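Observations on chain architecture
Chain by chain, the residues run as shown.
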Protein chains: 2
Amino acid sequence: MQPDQSPPAEDAFSADLLRGHTDTIVLATLRRGDRYGFEIYKAIRDATGGAHEIKEATLYATYRRLTRDGLVEAYWGDESQGGRRKYYRITDAGRAVFRRNVAAWRATRDVVDTLLTDKEPRS
Amino acid sequence: MQPDQSPPAEDAFSADLLRGHTDTIVLATLRRGDRYGFEIYKAIRDATGGAHEIKEATLYATYRRLTRDGLVEAYWGDESQGGRRKYYRITDAGRAVFRRNVAAWRATRDVVDTLLTDKEPRS
DNA sequence: GACAGGTACTGTATCTGATCAACTACTGGA
DNA sequence: TCCAGTAGTTGATCAGATACAGTACCTGTC
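A brief structural summary. (Residues numbered from 1 in each chain as written. Chains lettered and ligands numbered in written order. Predicted model: local features only at pLDDT ≥ 70, side-chain atom pairs only at ≥ 80, totals over all residues. Heavy atoms only, no water.)

Attention shifts here to the sheet that holds strand 3 (residues 86–90) of chain A. Residues and elements named next belong to chain A. Reading across from one edge, 1-3-2 is the order of the three strands in this open sheet, with antiparallel pairing throughout. Two strands close off the open sheet at either side, each with one partner strand: strand 1 (35–36) and strand 2 (72–76). As judged from the two bridges shared by strand 1 and strand 3, these two strands associate in the antiparallel manner. For Arg35, the partnering residue across the bridge sits in strand 3 and is Tyr88. (Pairing = 2+ DSSP bridges. Helix = DSSP H or I, 4+ residues; strand = E, 2+ residues; numbered from the N terminus.)

This is the structure we're talking about:
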């Protein structure tokens, strides 16, 4: 994080702010049905109106991690004459982790909201 | 992050979920007045009822970063006979960055909420 | 006085997720 | 043919968070 005082930035997304959520976001996308890698990339980019983008390399690293941990399963599509597409399917373990992660996210979100709120905690 | 399927965990805080927010949380604390390092540590720990704790080492790394970037100023307290305490004071630049970071947090929060929302886009 | 335990600060090494910067490979259009 | 877009992948690197270890001081207790 550079000092960069310059940009006005209300859309000051920082990669670190999303860090740790990527897995959950991918799992959320896969809950709605199998998707191939680039499709997930586009889905996330479009869901935020292009404001936020998770980089391809980040996502492919995520797929590896999720696959390694058994949270998703990968299989090649049968686009034999088109470009190859690797599809991902969420597993039961993946659904369980997703639910836990959403709970963790909500708890974290509330904690941060509390900590950033200017109100003095009336004791 | 291990596969650890075991713990039930509604309080499943992950360090990475807070990543990038530490600076802002510290700045938020300092907006209410000068604090010394360990005091901030306790303040954050207590503000969440002990549910969340930012590790000392993390905070001291944060102080270094904030000082380096001119967002806070450090000075030694005059506890000449007590244990030394290094106090931190938020600068104008720090206040400006804080405001921007809060905006970024809100935007990020809403993006994550959107992405994790279960609603099927009925087509 | 010795000692435990809490307060307070610091440095070093390591882990991990995110990103950069390439690269391969196919398709369709100008 | 060249280019842009789609699609997947890898290796190097960065930075924040943490583990771990250490220093130093204070208070209360035996």
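Residue and element names in this part refer to chain B. By the element assignment, Thr22 lies in helix 2 (residues 22–30). Relative accessible area serves as the criterion here: at 10%, Thr22 is assigned to the buried category. On a C-alpha basis, the gap between Thr22 and Leu59 in space is 7.7 Å, while along the polypeptide they are 37 residues apart. Residue contacts for Thr22: discarding those within four places in its chain leaves Ile54, Thr58, Leu59 and Thr62. (Buried < 20%, exposed > 50% of the residue type's maximum accessible area, 1.4 Å probe, protein only. Contact = heavy atoms within 4.5 Å.)

Attention shifts here to the sheet that holds strand 1 (residues 35–36) of chain B. All names here are of chain B. The strand order 1-3-2 describes an open sheet built from three strands, whose pairing is antiparallel. Here the strands that pair on one side only, and so sit at the sheet edges, are strand 1 and strand 2 (72–76). Pairing between strand 2 and strand 3 (residues 86–90): five bridges, direction antiparallel. Across the sheet, the residue bridging to Val72 is Ile90, located in strand 3. Docked against the sheet, helix 2 engages strand 1, strand 2 and strand 3, running at close to 90° with respect to strand 3. (Axes fitted to C-alpha atoms, helices over the stretch in contact; angles between N-to-C directions.)

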